[in-house]
Every structure is written in structure tokens, then in C-alpha cells.
Amino acid sequence: MEKKNDIEFDLIELLLYMKKRIWIVALTVVLFAAGGYFSSKLMTTPEYTARAQLYIRYDVERIDGNTVQDNYTEQLLASQLRNDCVVLLKSRDITGQVLDNLELPGSAAGLSSRLIIEPEENTHILNISIVDTNPQNAARILNEVCAVGKTEIAKFVGVDVIQVVDPAEVPGAPSSPSPSRNATVAAILGFVAAVSIMIIVFLMDDSIRNEYDMEHYLGLSTLAEIPVSSELNLSQKGMDNRGRFRRSRK
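Draft legend 1. How the structure looks around the pairing of strand 2 (residues 116-119). Sheet topology note: the strand 2/strand 3 (residues 125-132) ladder contains 4 bridges and is antiparallel. Within strand 3, the residue paired with E118 across the bridge is N127. Counted between consecutive antiparallel strands, the loop separating strand 2 from strand 3 contains 5 residues, among which N122 sits at a positive phi close to 60°.

Draft legend 2. Fine view of helix 7 (residues 135-157). With 23 residues, helix 7 should reach 33 Å at 1.5 Å per residue; the first-to-last C-alpha distance of 33 Å fits that figure. Where helix 7 begins, the side chain of N134 points an oxygen toward the backbone nitrogen of Q136, at a separation of 2.9 Å.

Draft legend 3. Layout of the sheet that holds strand 3. Pairing in this open sheet of 4 strands is antiparallel, and the strands run 2-3-1-4 from one edge to the other. Looking along the sheet, the strands with just one partner apiece sit at the ends: strand 2 and strand 4 (162-166). Ignoring which end each strand starts from, the neighbouring axes of this sheet average 30° apart. Contacts between helix 7 and the sheet are confined to strand 1 (48-56), strand 3 and strand 4, with strand 3 contributing the most and set at about 140° to the helix.

Draft legend 4. Geometry of a nonpolar patch on the surface. Together, I22, W23, L27, L31, F32, V185 and L189 make up an exposed nonpolar region whose accessible area comes to about 730 Å². Elements represented by at least two residues in the nonpolar patch include exactly helix 2 (22-42) and helix 8 (179-204). In terms of residue count, helix 2 provides more of the nonpolar patch than any other element does, 5 residues in total. Among the structural elements, L189 can be located in helix 8. Of the residues examined, L189 reaches a relative accessible area of 52% and is grouped as exposed.

Draft legend 5. Just the environment of I199, in detail. Along the polypeptide, I199 turns up in helix 8. Take I199: its relative accessible area is 28%, and that puts it in the partly exposed class. Along the backbone, I199 and Y17 are 182 residues apart, and their C-alpha atoms lie at a distance of 9.2 Å. Filtering out sequence-adjacent residues up to four positions away, I199 remains in contact with L14 and M18.

Draft legend 6. The packing of helix 5 (residues 92-102) against helix 7, seen in detail. Direction vectors running N to C along helix 5 and helix 7 enclose 125°, while the axes themselves pass 9 Å from each other. By the angle between their directions, the pair helix 5 and helix 7 is classed as oblique. Helix 7 is crossed by helix 5, and the crossing has right-handed handedness. The segment helix 5 lies against helix 7, with I94, Q97, V98, N101 and L102 engaging R140, I141, E144, V145, V148, G149, E152 and I153.

Draft legend 7. Quick peek at the side chain of T28. Mapped onto the elements of the fold, T28 is located in helix 2. A distance of 2.8 Å separates the side chain of T28 from the backbone oxygen of I24, its partner in a polar contact. Residues in contact with T28, not counting those within four places in the same chain, are G190 and A194.

Draft legend 8. Molecular detail of the confidence of the model for the protein chain. Summarising the model, the protein chain shows a mean pLDDT of 78, and 72% of its residues fall at 70 or more. The element-level mean pLDDT for the protein chain is lowest in strand 6 (residues 245-247), coming to 42, with helix 5 highest at 92. Scored below 50 in pLDDT, residues 1-7 shows 1 contact in the model against residues more than four places distant or in partner chains. Low pLDDT, under 50, characterises residues 238-250; the stretch is placed with 11 contacts to residues that sit more than four places away or in other chains.

Draft legend 9. Structural detail: the nonpolar core. In this structure, C85, V98, L126, I128, I130 and L142 are the most contacted members of the largest nonpolar core, which totals 31 residues. Looking at this core, the elements with two or more residues in it are strand 1, helix 4 (71-89), helix 5, strand 3 and helix 7. Counting residues per element, this core draws most heavily on helix 7, which supplies 7 residues. Apart from the residues within four sequence positions on either side, L126 is in contact with A52, Q53, L54, I56, R82, C85, V86, L89, I117, E118 and P119.

Draft legend 10. Expanded view of helix 1 (residues 11-20). Within helix 1 the residues assigned to the buried category are L14, Y17 and M18. Axial view of helix 1: buried residues confined to an arc of 95°, hence all on one face. The exposed residues of helix 1 that point more than 90 degrees off its buried face are I12, K19 and K20. The inward-facing, buried residues of helix 1 contact helix 2 and helix 8.

What counts and how
Residue positions are counted from 1 within each chain, in the order its sequence is given. With the structure being a predicted model, the display of local features is reserved for residues of pLDDT at least 70 and the display and counting of side-chain atom pairs for 80 or more, all residues being used for whole-chain, interface and lining totals. For the side-chain quantities, the full set of heavy atoms in the structure was used; hydrogens and water were omitted. A pair of strands is considered paired only if DSSP assigns at least 2 bridges between the two. Helix and strand assignments follow DSSP, with helices taken as H or I runs no shorter than four residues and strands as E runs no shorter than two, numbered in order from the N terminus. Expected helix span is computed as 1.5 Å times (number of residues minus one). Polar contacts here mean pairs of N or O atoms no more than 3.5 Å apart (in protein, one a potential hydrogen donor and the other a potential acceptor; neighbouring residues in sequence count only if both atoms are side-chain atoms). Lines fitted to C-alpha atoms define the axes, with helix axes restricted to the stretch in contact, and inter-axis angles between N-to-C directions lie between 0 and 180 degrees. The contact definition used throughout considers only heavy atoms, calling two residues in contact when any of these lie within 4.5 Å. Within the patch definition used here, like charges are joined within 9 Å and nonpolar side chains (Val, Leu, Ile, Met, Phe, Trp, Tyr) within 5 Å, considering only residues with over 30% relative accessible area and no salt bridge. Per-residue and other accessible areas were derived by the Shrake-Rupley procedure at a 1.4 Å probe size, with only the shown protein chains allowed to occlude residues. Salt bridges are defined by distance alone: a side-chain nitrogen of Lys or Arg within 4 Å of a carboxyl oxygen of Asp or Glu. To sort residues, take the accessible area from a 1.4 Å probe on protein chains only and compare it with the maximum for the residue type: under 20% means buried, over 50% means exposed, and anything in between is partly exposed. Under this scheme an angle from 65 to 115 degrees is roughly perpendicular, one under 35 degrees roughly parallel, and one over 145 degrees roughly antiparallel; angles in between are oblique. For any helix crossing, the convention is left-handed if the near helix is rotated counterclockwise from the far helix by under a right angle, and right-handed if that rotation is clockwise. As a per-residue measure, pLDDT tells how confident the predictor is, with possible values from 0 to 100. To define a nonpolar core, start from buried Ala, Val, Leu, Ile, Met, Phe, Trp, Tyr and Cys residues and group those joined through side-chain atoms within 4.5 Å. This arc describes the spread of directions from the helix axis toward the C-beta atoms.

Next up, the structure:
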């Protein structure tokens, strides 16, 4: 049977190995963090998020002409109307009209994909937002979407069901990128990379460092040790024929 070459190592020895080289890990973390921070600042275009809130008013008698006594049915119809408003606000008719009114380039489908509309749970509120590289344009587009949507959806339903609760305001700070967050992520990646490389180098190092390695890997016993001295210059010393060290002649 062939003998398998298993990789074995002492955890304490590995920790001591890494402890001596902790400065490499620290330097790598600092460099990665600085790279993540400055790349976010200098190489990434900031984006701004404008937000607005709409209230969907549901009046059973005005919309259906009938009074519903069942509260569950009324809530179900209100939920369906809210979902209809989500779809209609992102329709090409409304987004296309918004682009025409503001004289902005782009397609209705492109604007629709940028709109984020999320119903607030257990309410009649719709949270609507859009991301743009220009903070003024973000607020203008979103307010126009609310205004056009209010008018056009009223035509579909027959009554005015949308009320703007919070109109969009010009965002004062970019929503992305976040230099501090990117620096943190880069620092973590730098730490993982540095530690991983050090572990790989440690495992691939098959040199014999002490008597334990000699006995464990080679199966040889240590007979004697030669102390290392800074005053010992082996280049200027040799051994005579009897095996004793002798000083070399100049």
C-alpha cells in the first residue's frame, strides 16, 4: 500500500509563526482599507436616493358603488388597490409622460426599472424612491412621478385615490458608495488574505527547524547540538583530519 502524505502541523507553532509576522498582517489590513476608502472617494460616482410616501385612500362606496360590511373583504380590496397602484406607477404611460414633462433623456422602461415602490406593511402607505447621480434630478423625477401618477390613476379608478404624504426632497448626502463601509470590507478581505497566505507558506515550509521535526518527519534521533554564536565565523574555520576544529591560516 502506498503511504499517504498527510499535512500535519502544530497549532501553537503556527500561532507563534504568525505572531512573529503580525506586522505583515497589520500592514496588509491598512493598505487594503486605504485602497477601499480612496477608491470609493476617487473612482466611484456618488449616487443619491430621493424618497417619497403616498397614501392610497380606499372608499368602497365611491369606487364600487356598494357598501361592504365584511371588514376582511374591505381590507382585501384595499390591498388589491394598493398593488394596482404599484403596477400603474411603473407603467410606461406614466413614466413616459414624466420624461416628456421634464424633458429628460432615456426610455420609459429605463425609468420604470429605477423606481422602487414598496408597500408599508399593515398600512395604506406606499414608499417610493429613486436613485440618481444628480440629487436635484432625483427629487424632480420622483415628485413628477407622484404628480402624474395621482392624475393618471384617478382616470383608471374613477376617483382620486392617491394623496402625497411626504413629497421628495433633495437628498443632502449620497446614499452610495460608503467609503467607511468599503474600507471596513476591504480591511476584512486584507486580513483574510494575509492570514491565508501565511498559513499556506507555513504548511509548505518543509525545512527541519528543531529536534522535534527531525524525529517526527525523518525518524532520526538527535545526538548533539551545536550552539550558534555570533562570534563564530565558519568561513574562517575548518576541521583537521582528526575531526577537531582548527583556525584557518591567513
